[in-house]
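# Observations on chain architecture
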Amino acid sequence: MRKAWFLLLFICGVACRLMPQTLQEELPRALNEGTLLGFGTSNVKDTYLSPFNYKGWGIRILNERMKIVRLGKSRFSRQQLINVDISSTKNPSERINDFGGFVDYSLGYHYRIPLSSQFMLMSGLSGHFLGGFIYNTQNGNNPLSAKIDVDLNLSAIAIYHTRIKELPLTFRYQIELPVAGVFFAPPYGKTYYEIFNVGHTSDVISFNSLHNKFAMKNYFTVDIPIKKVTIRAGYLNSLYYTDINLIESHLISNSFMIGWVKEFISLGGKRSRQSHKSRSAFYSNGF
């Protein structure tokens, strides 16, 4: 009889140890979505248009979505980032303007490495698209320089949870680095009229890697819950350098970001806000 009781207690103990993990696996996966507005500085140079640096201001809108996916037994999360960047810059004499407008989109998958209940590392790959233009108000024949890139990026994220007294905070640092891709890069002296109207399209698409392009994004945020709203504040540094076909260009921006975050579950097209009953890709209940 004692052996039977010991066996029963042993089975109950094992079941209790396994139950939280099993329940966590069965919890629905929440979508973490943040929308931020950024203001900051912009530094633009494109020798197709002008040999000078143009400096001024920039406005950025960023939308981010992150969710745990079933890939690798739910060890991966998917992240989507959409950036819209608008800038107005002036040459050193402040008499000529460059106007820039860019949209970049990335979709990445990160392998999640929980180091503790507070600290998470994530690493992976993302596909990236950039499209936009720089318009120079002085040039007559060649007033515009177009930028079109498709890249494969290395990506890494560190997320840290802590408290200041009773206030929970979530810090994140993310870095994105393109390693290979293709981009639109017409040779120096070839006009867009020749390319699009005459059909001289040879040598306008080139392979890019670290030998002719260096780009990096550094993204730092902190999430601050205030009553029923979570505020996300941060800083985004974007670097973009190219040197090909006798044309050098760079796009450098520093933006201070502010916005809000929401987390929800999509069930049959409807959204449930019971995020405390779900697995989060961003907050500690997803570890």
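Structure's up top.
Residues numbered from 1 in each chain as written. Predicted model: local features only at pLDDT ≥ 70, side-chain atom pairs only at ≥ 80, totals over all residues. Heavy atoms only, no water.

Moving on, we come to the side chain of Asn 43. With respect to the helices and strands, Asn 43 occurs in strand S1 (residues 31–46). In terms of polar contacts, Asn 43 uses its side chain to reach the side chain of His 250, at 2.8 Å. Non-local contacts of Asn 43, meaning those with residues more than four positions away in its chain, are made with Asn 53, Tyr 54, Lys 55, His 250, Leu 251 and Ile 252. (Helix = DSSP H or I, 4+ residues; strand = E, 2+ residues; numbered from the N terminus. Polar contact = N/O pair within 3.5 Å; in protein donor to acceptor, adjacent residues only side chain to side chain. Contact = heavy atoms within 4.5 Å.)

Side chains of Leu 37, Phe 39, Trp 57, Ile 59, Ile 61, Val 84, Ile 86 and Val 103 sit close together on the surface and give an oily, nonpolar patch of about 670 Å² of accessible area. Put simply, the parts of the chain that give the nonpolar patch at least two residues each are S1, strand S2 (50–69) and strand S3 (76–90). Mapped onto the fold, Val 103 is located in strand S4 (residues 97–114). Taking relative accessible area as the criterion, Val 103 reaches 38% and is therefore assigned partly exposed. (Patch = residues over 30% accessible without salt bridge, like charges linked within 9 Å, V, L, I, M, F, W, Y side chains within 5 Å. Areas by Shrake-Rupley, 256 points an atom, 1.4 Å probe, with all protein chains shown as cover. Salt bridge = Lys/Arg side-chain N within 4 Å of Asp/Glu carboxyl O. Buried < 20%, exposed > 50% of the residue type's maximum accessible area, 1.4 Å probe, protein only.)

Turning our eyes to something else, we now look at the environment of Thr 170. Inspection of the secondary structure assignment puts Thr 170 in strand S7 (residues 167–184). Residues Thr 170 and Tyr 160 lie ten residues apart in sequence; the distance between their C-alpha atoms is 5.8 Å. In this structure Thr 170 touches Ile 159, Tyr 160, His 161, Thr 221, Val 222, Asp 223, Phe 282 and Tyr 283, once residues within four positions along its chain are discounted.

Remember, this is a structural readout, not a statement about activity or role.
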